[in-house]
Structures are given as C-alpha cells and as structure tokens.
Amino acid sequence: AEAIGLYNLGQSCCLNSLLQVFLMNICFTRILRRITVPLSPEQRRKNVPYQMLLLLERMQCGKCKAVGPTELADCLAKHRVKLFVQHDAAQLFLTLWNLLKKQMKKPELVEELSDLYTICIQEHLACQKCSFEVKSSSTMLTLPLPVLDANSRRLKTLEDCLQYFFHPEELTGQNMCFCQQCGRKTTFLQSVRLVRLPQTLTLHLKRFCFERSSCTHKLSHSLPFPQELDFREVLTENQCQADDSEKATWQYELFAVVAHSGSSSCGHYCAYVRSLTECKWYCFNDSEVCQVSWDDVKCTYGHSNLLWGETAYLLFYMKKHPQ
C-alpha cells in the first residue's frame, strides 16, 4: 500500500505523527489485527485498539492520499484525551500505549504488546561504607535521555546521552540515604542497569527544559543520532544485567523519528518513518506525505542557530536480528 497521510483535525499533528509510527510498524499491526472486536456499537466507539484497526484498514484501502482520524479522535476524547490542544509527543505516546494495553482483552496480545515496546531495567543502590545494597526491577516504555549533563553542558551525540543515562551517580550531602547496616545516613552509589531491550525501542530526547520561572524552553542544539546502534558498544559490562543471548539482540536500526519544530508553546510535529516493506524513508506531515532521503532525516539533528528549526524528539529503533 502507498503511504497515506492523516488530515489535521485542528492541532492534531502530534496524534497524527504517533499514529503513523504505530501503524507503519508491521510488528504492531500484526498484534492489532488479532484483537477481539467489541460486541456493541457503543463499546466499539470507546475501544482504542478497534478504532486504530478501522483507521489502518481505511488507510490501506488506498483510495485517497489522506484520511481523517475523526472516529479515533472522538474515541480518545471519551478517555479524556483532549482534542484541539498542543500535546507533548512523549506524554501522548504513553497515554495511547496505556489505553491500547488496557483495552486489548486477550492476555497473550497484552503480553506481545509489552514485549514489543517495554524496556526492563534494574536499579541498584549500594552503600559506599559497607556491603549493603538494594535492587529493584522496573519496566519503562521509553528511555528519557537528558541532552545536558548535570553541569548544563551539552551532550554531543546520542551515544553520549545513553552513556550519561546509565552512568552511576553518587548520592552525597542532602541526597544521602539511610543504610540499614550502618544504622545512619551514608553516601550511596545509584546506578541503572539494562536487563532487556524490546523489539521496538523508544528513546525520548528531553529537549524541553522546565525553568524555575515555570516557562519551558526548547534545547535545539545539534545532537546526531546513528542509523545503526549497538548497545554492546555503547554500554559497559556492568551497566548490562543480561546474558549473552539477550545482548546478541541489542543491535538496532533506526525506524522512525518524531520531530518537533517551533517553540515549546507553539509548535508542530511530523514523523519520518522508514517503510519496513520498501526500506525507503517517508516524511508524514499530516495529510502531506513524501519520500525523503537519509540526509533529510539528518536535518532533525537540530541546530543552535535555528531555534524554531526542526529537532528530533522521539527516536524509534528496531532490532536488526530479533531472536
């Protein structure tokens, strides 16, 4: 099928961009096609996975260059997702994902959806005075990557941002923790270790920075990201809590970029997606879709002098050799 655009319903560019990234992902649409269709018309109107499936089918009948996601938007409104407002793509992605997961009734589909997108990490807290340590496991939908370090210096590449995210941090002074073994507050080392990476990995570049003055500004400096990413090269041995067979699958290829242009209060989103069937890049800008080159995608690296320019905000990578 041709790549089909989505009409803007009024500030729906953020939703449109995310829908394109979901629906161009063959692994996702395979799950979507196996959902249980709700029985009553009212349930159907309120069911996000079902409305996404209907939209996918309309996009694939390929009669027109764009379709309007009206029924899906109405459905989302029933779940308190506001229409006609500026959305933050990272927050809306989490909201959509939670609604999908909650409304997919078959347990095996929920599990497949989780396997497709969720990242498993283990957090370690270790007392620096004795051997006491606490470990806790958790899952994340995206890795929220700072683009500045603790001293507000710019991180230079995506690999730098990843290394910074997994870099152990010493909790001293006011941040000291109570150690049960020492019986007092001590310095702890806090670290995050990677346990499992999903088939589709989402990285969130934290380019919106909240100042004390409560106004948000956007960090638009250049931050290159690679077409191919191998986590075994980026992270050290002790930042990975995984066996070799798991780590062997940690080689990724860029699949999509959700980019933001404009300022934090008034902006526009579009999506660059690599078609998995033809391996060509497309730019989805609401109803306009055109084929683009890798050089066009690289324009979303950002540029300090173009504060209104287009910068990548969400990066979606896909496993090259899934097990």
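Note that residues are indexed from 1 along each chain, following the sequence as it is written. The model is predicted, so local features are restricted to residues of pLDDT at least 70 and side-chain atom pairs to those at 80 or more, both for listing and for counting; the totals for chains, interfaces and linings are taken over all residues. Hydrogens and water molecules were not included; the side-chain quantities draw on all heavy atoms of the structure.

### Quick word on the environment of G267
Reasoning step 1: What counts as a helix is a DSSP run of H or I of at least four residues, what counts as a strand is a run of E of at least two, and both are numbered from the N terminus. Mapping G267 onto the fold places it in strand 15 (residues 267-274).
Reasoning step 2: When the C-alpha positions of G267 and E228 are compared, they lie 29 Å apart, and in sequence the two are 39 residues distant.
Reasoning step 3: Any pair of residues with heavy atoms lying within 4.5 Å of one another is described as a contacting pair. The residues contacting G267, other than those within four sequence positions of it, are Q86, H260, S261 and G262.

### A look at the pairing of strand 15
In the case of a regular strand, side chains alternate between the two sheet surfaces.
Reasoning step 1: The cut-offs for exposure are 20% and 50% of the maximum accessible area for each residue type, with area from a 1.4 Å probe on protein chains only; residues under the lower value are buried, those over the upper are exposed, and the others partly exposed. Burial within strand 15 is extensive, with six of its eight residues counted as buried.
Reasoning step 2: Strands pair, by our definition, only if DSSP identifies at least two bridges between them. In terms of strand pairing, strand 14 (residues 251-262) meets strand 15 through seven bridges, oriented antiparallel. Along strand 15, the bridge assignment pairs A256 with V273.
Reasoning step 3: As paired elements, strand 15 and strand 16 (residues 281-285) share four bridges and run antiparallel to each other. By the bridge assignment, R274 is partnered in strand 16 with W281.
Reasoning step 4: In sequence, strand 15 turns back onto strand 16 through a hairpin of six residues, with C279 there showing a positive phi of about 60°.

### Re the domain arrangement of the chain
Reasoning step 1: Note that the domain bounds were set by an automatic or database domain assignment. Split into domains, the chain comes out as domain 1 (1-118) and domain 2 (142-161 + 199-322).
Reasoning step 2: Computed from C-alpha atoms alone, the centre-to-centre distance between domain 1 and domain 2 is 22 Å.
Reasoning step 3: Tallying the contact residues gives 29 residues for domain 1 and 30 residues for domain 2.
Reasoning step 4: Summed over both partners, the accessible surface that disappears when two parts come together, traced with a 1.4 Å probe, is what is meant by buried area. Counting the surface lost from both domain 1 and domain 2, the interface buries some 2,300 Å², and carbon and sulfur atoms represent 66% of this.
Reasoning step 5: Looking at the side of domain 1 facing domain 2, the largest losses of area belong to V21, M24 and Q86, adding up to 23% of the total buried there.
Reasoning step 6: Within this document, salt bridges are pairs made up of a side-chain nitrogen of Lys or Arg and a carboxyl oxygen of Asp or Glu, the two lying within 4 Å of each other. Between domain 1 and domain 2 we count one salt bridge in total.
Reasoning step 7: N or O atoms within 3.5 Å of each other form a polar contact, as long as, within protein, one can give a hydrogen and the other can take it, and as long as residues adjacent in sequence are counted only when both atoms are side-chain atoms. If you look at where domain 1 meets domain 2, you find ten residue pairs in polar contact (both at pLDDT 80 or more).

### A few points about the side chain of Q239
Reasoning step 1: Relative to the elements of secondary structure, Q239 occurs in the loop between helix 9 (231-234) and helix 10 (244-247).
Reasoning step 2: Within polar-contact distance, the side chain of Q239 engages the backbone oxygen of F166 at 3.0 Å.
Reasoning step 3: For Q239, the residues in contact, after removing those within four places along its chain, are Q163, F166, H167, P168, V192, R193 and L194.

### Description of the pairing of strand 4 (residues 133-140)
Reasoning step 1: The pairing of strand 3 (residues 119-127) with strand 4 spans eight bridges and is antiparallel. Considered in strand 4, the bridge of C120 is made with T139.
Reasoning step 2: Linking strand 3 back to strand 4 in an antiparallel pair, the connection comprises five residues.

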